[in-house]
Amino acid sequence: MELRALRYFVTVADELHFGRAAERLHVAQPAVSQQIARLERELGVRLLDRSPRRVRLTAAGQRVLEAARGTLAAAGRVQAAAKPVMTTVRIGTAAGLTARLERGIDALRERAPEFDVVLVDLPLEARLNALRQGDLDLALTRGVRSVPGLAVLPAWTERLFAVVSRRHPAAGRPTAGLAELAGDALRVPSREHDPSLHDVLVDALRETGLCPKDGRPAGTLQDTLVEVGSDPRSWTVLPADQVAEIRSTRVRALPLEPAITIPGSVVVAPDQASSGAECAVAAFRDEATD
């Protein structure tokens, strides 16, 4: 007994008309008649009374119809169970995290291959608000240690690099000392353009006890790199992941000495902190600790 025959029979029983049933099934009417006739022969009963004017179910047809519907429903559940379950993971992100995102998404797919990723690039406050409102599943952040109403899960640390012009006196050295850079103008993206990056960089530098000379606030990160590349008496500071995305040949990135690091975190809603969040933290952790 074929499921196709049961499906044809149920459709005819719904329509009580072979022509309309054939239209619903997108097949020729003789194919429907043949399948019904074959089913009746297999069952040894007449399922439908046919006449030129009407089609109606027999008593046996009424009984078989209920069983046929149940069989088709069960077959549908079997087919659905065999299909991979696709879920969507919405990740809030920001500039300078491309490589970490690529590694993290690959790691997540190793654990659960069937999911779709939606990346949403938002300023920090908008990222956190989207999490609170349920519009994101998780967010990646730098320098965030606690957030009211959300769970901040430490995932990685990034070393800070000094970025200087190729013509800067320190450009040829393996590292850059904060003391030797203190007399040059420190250019960082303005708080207006990137408040989270601005604050985390300034706070990290202040914790060293050294006070670099403040330069004129820059606009975007790209503007900052262009201006630093054109001025050998200025510099900026960036996290390692962001340094990896610099494409300018006019600047050089040097590890700061003494080393300064900033934390990176996966932020989730509190009810997600104990479920799949550990997998997310592991996925976005530094390669050395994966």
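What you are looking at is a predicted structure, and each value in this text was computed from that prediction instead of being measured.

(A) Just the pattern of salt bridges, in detail. Scanning the entire structure with this criterion turns up 15 salt bridges. Where R24 meets D14, a salt bridge forms, and the shortest distance between an N and an O atom there is 3.9 Å. Of this pair, R24 sits in helix α2 (residues 18–25) while D14 sits in helix α1 (residues 3–15); the two residues are ten residues apart in sequence, bridging distant segments of the chain. Using a relative accessible area of 44% as the deciding quantity, one classes R24 as partly exposed. A relative accessible area of 37% means that D14 is categorised as partly exposed. Close ionic contact of D241 with R100 constitutes a salt bridge, the shortest N to O distance being 2.6 Å. One end of the pair, D241, is in helix α10 (residues 240–243); the other, R100, is in helix α5 (residues 98–111), and 141 residues separate them in sequence. Take D241 and R100: they sit in the same class, and that class is buried. Within this structure, D14, E15, R20, R24 and R69 form a network of salt bridges that share partners.

(B) Broad picture of the pairing of strand β11 (residues 251–257). With five bridges connecting them, strand β6 (residues 151–165) and β11 associate as antiparallel partners. Bridging from a neighbouring strand, V164 pairs with R252 of β11.

(C) Representation of the packing of α2 against helix α3 (residues 29–43) in the model. Direction vectors running N to C along α2 and α3 enclose 105 degrees, while the axes themselves pass 8 Å from each other. Judged by the inter-axis angle, α2 sits roughly perpendicular to α3. Contact residues: F18, G19, A22 and L25 in α2; Q29, V32, S33 and I36 in α3. Class assignment of the residues belonging to the contact of α2 with α3 gives a composition of five nonpolar, three polar and no charged.

(D) Representation of α2. For α2, the complete set of buried residues consists of F18, G19, A21, A22 and L25. In a view along the axis of α2, the buried residues occupy a sector of 160 degrees, so they form one face of it. On its buried face, α2 is in contact with α1, α3, β1 (48–50) and β2 (55–57).

(E) How the structure looks around the confidence of the model for the chain. Here the chain averages 85 in pLDDT, while 92% of its residues score no lower than 70. Summarising per-element confidence for the chain, the mean pLDDT is lowest in helix α8 (residues 195–206) (72) and highest in β11 (93).

(F) Region of interest: the pairing of strand β12 (residues 261–268). Along β12, seven of the eight residues are buried, which leaves the element largely enclosed by surrounding structure. In terms of strand pairing, strand β5 (residues 138–142) meets β12 through four bridges, oriented antiparallel. In the strand pairing of β12, T141 is matched with S265. Here β6 runs beside β12; their pairing, made up of eight bridges, is antiparallel. The residue of β12 that forms the bridge with E158 is I262.

(G) Looking closely at unusual backbone geometry. For the peptide bond that leads from E257 to P258, omega is 5 degrees, which places it in the cis range. Position of P258 relative to the elements: it lies in the loop between β11 and β12. Phi is positive for L16, close to 50 degrees, though the residue is something other than glycine. Assignment of secondary structure puts L16 in the loop between α1 and α2. For L16, a relative accessible area of 38% translates into the label partly exposed. Of note in this structure, H26 is not a glycine but carries a positive phi near 60 degrees.

(H) Looking closely at helix α6 (residues 124–132). All buried positions along α6 are accounted for by L124, R127, L128, A130 and L131. Seen end-on, α6 carries its buried residues on one side only, within an arc spanning 160 degrees. In the stretch just after α6, G134 is the one whose phi turns positive, near 80 degrees.

(I) Molecular detail of the environment of F284. Here F284 lies in the segment after α11 (277–283). Looking at F284, the relative accessible area reads 0%, which means it is buried. The sequence separation of F284 and R111 amounts to 173 residues, and the corresponding C-alpha distance is 13 Å. When near neighbours in sequence (up to four residues on either side) are disregarded, F284 contacts I91, R100, L101, G104, I105, L108, L138, L140, A155, W156 and V266.

(J) Local environment of the packing of α1 against helix α4 (residues 59–82). Between α1 and α4, the least distance of the axes is 9 Å, while the angle of their chain directions is 125 degrees. Taken together, the axes of α1 and α4 are oblique relative to one another. The two elements α1 and α4 meet at a crossing, and its hand is left-handed. Packed against α1, whose contacting residues are L3, L6, R7, F9, V10, A13 and D14, the element α4 presents G61, V64, L65, A68, R69, T71, L72 and A75 at the interface. Along the lines of polarity and charge, the residues of the contact of α1 with α4 split into ten nonpolar, two polar and three charged.

Conventions used here
Residues numbered from 1 in each chain as written. Predicted model: local features only at pLDDT ≥ 70, side-chain atom pairs only at ≥ 80, totals over all residues. Heavy atoms only, no water. Salt bridge = Lys/Arg side-chain N within 4 Å of Asp/Glu carboxyl O. Helix = DSSP H or I, 4+ residues; strand = E, 2+ residues; numbered from the N terminus. Buried < 20%, exposed > 50% of the residue type's maximum accessible area, 1.4 Å probe, protein only. Pairing = 2+ DSSP bridges. Axes fitted to C-alpha atoms, helices over the stretch in contact; angles between N-to-C directions. Parallel < 35°, antiparallel > 145°, perpendicular 65-115°, else oblique. Contact = heavy atoms within 4.5 Å. Nonpolar A, V, L, I, M, F, W, Y, C, P; charged D, E, K, R; others polar. Arc of directions from axis to C-beta. pLDDT = per-residue confidence, 0-100. Left-handed = near helix turned anticlockwise from the far one by under 90°.

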